[in-house]
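A structural walkthrough
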Amino acid sequence: MQIALTLVSPQPDQVQAALGRLAPALAAAGARVKEPRPLGPGALDLALEGEDLAAIRAAAASVLDGSAIDHCVQPWNGRRKRLLVADMDSTIISCECLDELADFAGVKAQVSAITERAMRGELEFEGALRERVAMLKGLPVTDLQLAYDQRVRLNPGARTFVRTMAASGARCLLVSGGFTFFTSRVAVAAGFHEDRANTLGEADGALTGTVGEPILGREAKLAALAGEARALGLDLAQTLAIGDGANDLAMIEAAGLGVAYRAKPIVAAQADAQVDHADLTALLYFQGYAQADFVTD
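What comes next concerns the included structure.

About the thresholds
Residues numbered from 1 in each chain as written. Predicted model: local features only at pLDDT ≥ 70, side-chain atom pairs only at ≥ 80, totals over all residues. Heavy atoms only, no water. Phe/Tyr/Trp six-rings, centres within 6.5 Å; stacked < 30°, edge-to-face > 60°. Buried < 20%, exposed > 50% of the residue type's maximum accessible area, 1.4 Å probe, protein only. Lys NZ or Arg CZ within 6 Å of the ring centre and 35° of its normal. Salt bridge = Lys/Arg side-chain N within 4 Å of Asp/Glu carboxyl O. Helix = DSSP H or I, 4+ residues; strand = E, 2+ residues; numbered from the N terminus. Pairing = 2+ DSSP bridges. Axes fitted to C-alpha atoms, helices over the stretch in contact; angles between N-to-C directions. Lys, Arg positive; Asp, Glu negative; His and termini not counted. Polar contact = N/O pair within 3.5 Å; in protein donor to acceptor, adjacent residues only side chain to side chain. Contact = heavy atoms within 4.5 Å. Core = buried A, V, L, I, M, F, W, Y, C linked by side-chain atoms within 4.5 Å. Parallel < 35°, antiparallel > 145°, perpendicular 65-115°, else oblique. Left-handed = near helix turned anticlockwise from the far one by under 90°. Nonpolar A, V, L, I, M, F, W, Y, C, P; charged D, E, K, R; others polar.

**Describing the packing of aromatic side chains**
This structure, assessed with the given rule, holds 2 aromatic pairs. Relative to Phe182, the ring of Phe181 lies with its centre 5.2 Å away and its plane at 75°, an arrangement referred to as edge-to-face. The pair formed by Phe181 and Phe182 is uniform in burial state, with each residue classed as buried. Their ring planes at 50° and their centres at 5.2 Å tell us that Tyr285 and Phe294 sit as a pair that is tilted. The side chain of Arg80 reaches across the aromatic face of Tyr289, ending 3.7 Å from its centre. Over the aromatic face of Phe181 sits the side chain of Arg185, whose NZ or CZ is 3.6 Å from the ring centroid.

**Examining the pattern of salt bridges**
In this structure the tally under the stated criterion is 18 salt bridges. For Arg79, the salt bridge is made with Asp45, and the minimal N-O distance between the two is 2.5 Å. Taken together, the residues span a long stretch of sequence, with Arg79 in the loop between strand E5 (70-75) and strand E6 (83-86) and Asp45 in strand E4 (residues 43-49) at a distance of 34 residues. Residue Arg79 is classed as buried on the basis of its relative accessible area of 5%. Here Arg130 makes a salt bridge to Glu213, at a shortest N to O gap of 2.9 Å. Of the two residues, Arg130 is situated in helix H5 (residues 125-134) and Glu213 in the loop between strand E10 (206-211) and helix H9 (218-232); the sequence distance between them amounts to 83 residues. Note on Arg130: relative accessible area 38%, which makes it partly exposed. Connected via shared salt-bridge partners are Glu100, Asp103, Lys108 and Arg151.

**Some details on the environment of Thr281**
Tracing the chain through its elements places Thr281 in the loop between strand E13 (273-275) and helix H12 (282-286). For Thr281, a relative accessible area of 11% corresponds to the buried category. Expressed as a C-alpha distance, the spacing of Thr281 and Gln291, which sit 10 residues apart in the sequence, is 8.8 Å.

**Comments concerning the pairing of E6**
Of the two faces of E6, the one carrying Leu83 and Val85 and the one carrying Leu84 and Ala86 are both buried. One ladder, built from 4 bridges, connects E6 with strand E7 (residues 171-179); its direction is parallel. Paired with Leu83 across the strands is Arg171, a residue of E7. Summarising the sheet, E6 and strand E11 (residues 239-243) pair through 4 bridges and their orientation is parallel. Bridge pairing in E11 links Ala86 to Ile242.

**Some details on the sheet that holds E13**
As summarised here, the arrangement of the 6 strands in space is E8-E7-E6-E11-E12-E13, forming an open sheet in which the pairing is parallel. The open sheet has two edge strands with one neighbour each: strand E8 (194-198) and E13. Recorded for the sheet is a direction-independent mean angle of 20° between the axes of neighbouring strands. Bridge count between E7 and E8: 4 bridges; the pairing is parallel. Paired with Leu173 across the bridge in E8 is Glu194.

**Quick look at the side chain of Arg132**
One can find Arg132 in helix H5. For the buried residue Arg132, which engages in no salt bridge, the nearest side chain bearing the opposite charge is Asp99, 4.8 Å off. Of note is the side chain of Arg132, whose polar atom sits 2.8 Å from the side chain of Thr115. In contact with Arg132, other than residues within four places in its own chain, are Leu98, Val111, Ile114, Thr115 and Phe125.

**Section: the nonpolar core**
Grouped together as the largest cluster of nonpolar side chains are 60 residues, with contacts concentrated most on Leu84, Phe182 and Phe192. Not counting residues up to four positions away in its chain, the partners in contact with Phe182 are Met88, Cys97, Leu101, Leu144, Ala147, Tyr148 and Val152. Counting 21 residues, the second-largest nonpolar core is a separate cluster that includes Val15, Leu44, Leu48 and Val63.

**Re the packing of helix H3 (residues 97-105) against helix H4 (residues 108-119)**
Two numbers describe how H3 lies on H4: the axes approach to 8 Å, and their chain directions differ by 165°. Viewed along their axes, H3 and H4 adopt a mutual orientation that is roughly antiparallel. Between H3 and H4 lies a crossing of right-handed hand. For the pair formed by H3 and H4, the contact residues are Leu98, Asp99, Glu100, Ala102 and Asp103 on the first element and Lys108, Val111, Ser112 and Thr115 on the second. The class makeup of the residues in the contact of H3 with H4 is 3 nonpolar, 2 polar and 4 charged.

Below is the structure:
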């Protein structure tokens, strides 16, 4: 079986230095290493011949542990995915929108503490969302736009990542446990085809402290992945999911390539690959795109 081992790092010298350490470890795992293929600065593919994917993953992880190198081990064939389903908060954008709204309401410390526990899987998502949204009761609706303008920023590489996949024919879906006010704007900024999220109750120009039902959480994200793949006639092996919190775990586990981005331990432990050092263009390199293929502006 042909296997791809992709290395990506913001420090290109670390990638080159790792090659010498990887060769004997991969050989011990039964993998024959072919000539490396450079993909971009600090990014390269190693084509391997081997049979035991789990052993090769373990060997690569043991060598690269503690380095500033993100890596992905997967079958070579079929790694360019045709459906992307991405989380928004702390994945495509750098903040948690609910926490930022809480800052405007003067309750950020309380809300952020609940957010952190929910993302770690210590709290049931739906109940935690209702509890946090209740603390926003009375917040002027105009503060949502202020929060977006002042706090929301795409993570490095996000727009290039999404637009390159879209330009190559992939369907790109933003699915968030956050709110449509933000996903609708972020989807346009990053280049997604569609967005899905929760809605905030409002009346008389202020938030009511309620969230629309049913709440879009962990199972809804999984359903979005499966439903979109079915509508497109795709096998789940042809899909990519990325996120950082516990409510992303089901879709990450189900996708053909499930990636944890700067993720909580419960998510990182189950993902096929982790991106802890590079920017989001690492997801393009993992799929075999070269920098020359990237859609940038």
